[in-house]
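Now for the letters of each chain:
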Amino acid sequence: MAQRNPVSLPGVFIMGLTAASLAVFSARAAEDAAKEVTTAATHAGLAAAAKDMKDVQMHLHHTVNCLVGPAGAGFDTKEANPCKDQGNGAIPDTKDPGKLAALRDALTQVNNGLKQTDMAAAQKDASAAQGLIKKAM
């Protein structure tokens, strides 16, 4: 009669539980990233359509906050974070290399918009950023 190893069954259970937890965590991160990307695109669009420079800048800051998340470089604590409780930021939560590149390019575009003193130029940057963010959807 074959002897059973008493550790093997619990060990298999723990490995299965760990794998399931990782799968749930990965699915959750992808969900978070999708929400953050959508919110970032919305705010880039709001910046592009804003009626004054103050609103253009405000929505560009919101876009940055959604892209980088609260622990990211460039996060502005003085501005709202419309992605609060959606995840760690679209860039940190995105694992797909192509989508990640588009989001990083969008962040560069948004930061260019924040440096503008001309409203039309800032809106152009916001619109370009929105297009790049949508590539990550």
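If you're wondering where the values come from, they're calculated on a predicted model, not measured in any experiment. (Residues numbered from 1 in each chain as written. Predicted model: local features only at pLDDT ≥ 70, side-chain atom pairs only at ≥ 80, totals over all residues. Heavy atoms only, no water.)

1. Quick word on the overall build of the chain
- Along the backbone of the chain there are five helices and zero strands.
- The order of α-helices and β-strands along the chain, N terminus first, is α-α-α-α-α.
- Counting across all 137 residues of the chain, residues that qualify as buried make up 37%.
- At a minimum sequence separation of 6, the contacts of the chain that also span at least 24 residues come to 61%.
- Total accessible area on the chain is roughly 8200 Å²; 61% of this is exposed by carbon and sulfur atoms. (Helix = DSSP H or I, 4+ residues; strand = E, 2+ residues; numbered from the N terminus. Buried < 20%, exposed > 50% of the residue type's maximum accessible area, 1.4 Å probe, protein only. Contact = heavy atoms within 4.5 Å. Areas by Shrake-Rupley, 256 points an atom, 1.4 Å probe, with all protein chains shown as cover.)

2. Thoughts on helix α2 (residues 53–68)
- Taking 1.5 Å of rise per residue, 16 residues should cover 22 Å, and α2 covers 22 Å from first to last C-alpha, within 8% of that figure.
- The buried count for α2 comes to twelve of 16 residues, which makes it a mostly enclosed element.
- Taken as a whole, α2 has its buried residues at Val56, Gln57, His59, Leu60, His61, His62, Thr63, Val64, Asn65, Cys66, Leu67 and Val68.
- N-capping of α2 is provided by aspartate 52, with a side-chain oxygen placed 3.3 Å from the backbone N of lysine 54. (Expected span 1.5 Å × (residues − 1). Polar contact = N/O pair within 3.5 Å; in protein donor to acceptor, adjacent residues only side chain to side chain.)

3. Concerning the state of the cysteines
- One pass over the structure, following the stated rule, counts one disulfide.
- Each disulfide pairs two cysteine sulfurs, and for cysteine 66 the partner residue is cysteine 83, the sulfurs being separated by 2.1 Å. Across the S-S bond of cysteine 66 and cysteine 83 the torsion is about 100°, and the bridge reads as right-handed. With cysteine 66 in helix α2 and cysteine 83 in the loop between α2 and α3 (90–93), this pair connects stretches of sequence that are 17 residues apart.
- For cysteine 66, a relative accessible area of 0% gives the class buried. (Disulfide = S-S within 2.5 Å.)

4. Side note on the environment of leucine 114
- Its place among the elements puts leucine 114 in helix α4 (residues 97–115).
- With residues near it in sequence (within four places) discarded, leucine 114 still touches Gln57, Leu60, His61 and Val64.

5. Comments concerning the side chain of aspartate 93
- By secondary structure assignment, the location of aspartate 93 is in helix α3.
- Buried charged residue aspartate 93 carries no salt bridge. Nearest counter-charge: lysine 95, at 5.6 Å. (Lys, Arg positive; Asp, Glu negative; His and termini not counted. Salt bridge = Lys/Arg side-chain N within 4 Å of Asp/Glu carboxyl O.)

6. A look at the pattern of salt bridges
- Taken as a whole and judged by the stated rule, the model has one salt bridge.
- Lysine 84 is the salt-bridge partner of aspartate 85, the closest N and O atoms lying 3.7 Å from each other.
- Residue class for aspartate 85 comes out exposed when judged on its relative accessible area of 68%.

7. Here we look at the nonpolar core
- By size, the foremost hydrophobic cluster in this structure holds 26 residues, and its most contacted members are Leu67, Leu103 and Ile133.
- Looking at this core, the elements that each hand over two or more residues are α1 (8–49), α2, α3, α4 and α5 (119–135).
- Counting residues per element, this core draws most heavily on α2, at six residues.
- Filtering out sequence-adjacent residues up to four positions away, leucine 103 remains in contact with Val37, Leu67, Ala90, Ile91, Thr94, Ile133 and Ala136. (Core = buried A, V, L, I, M, F, W, Y, C linked by side-chain atoms within 4.5 Å.)

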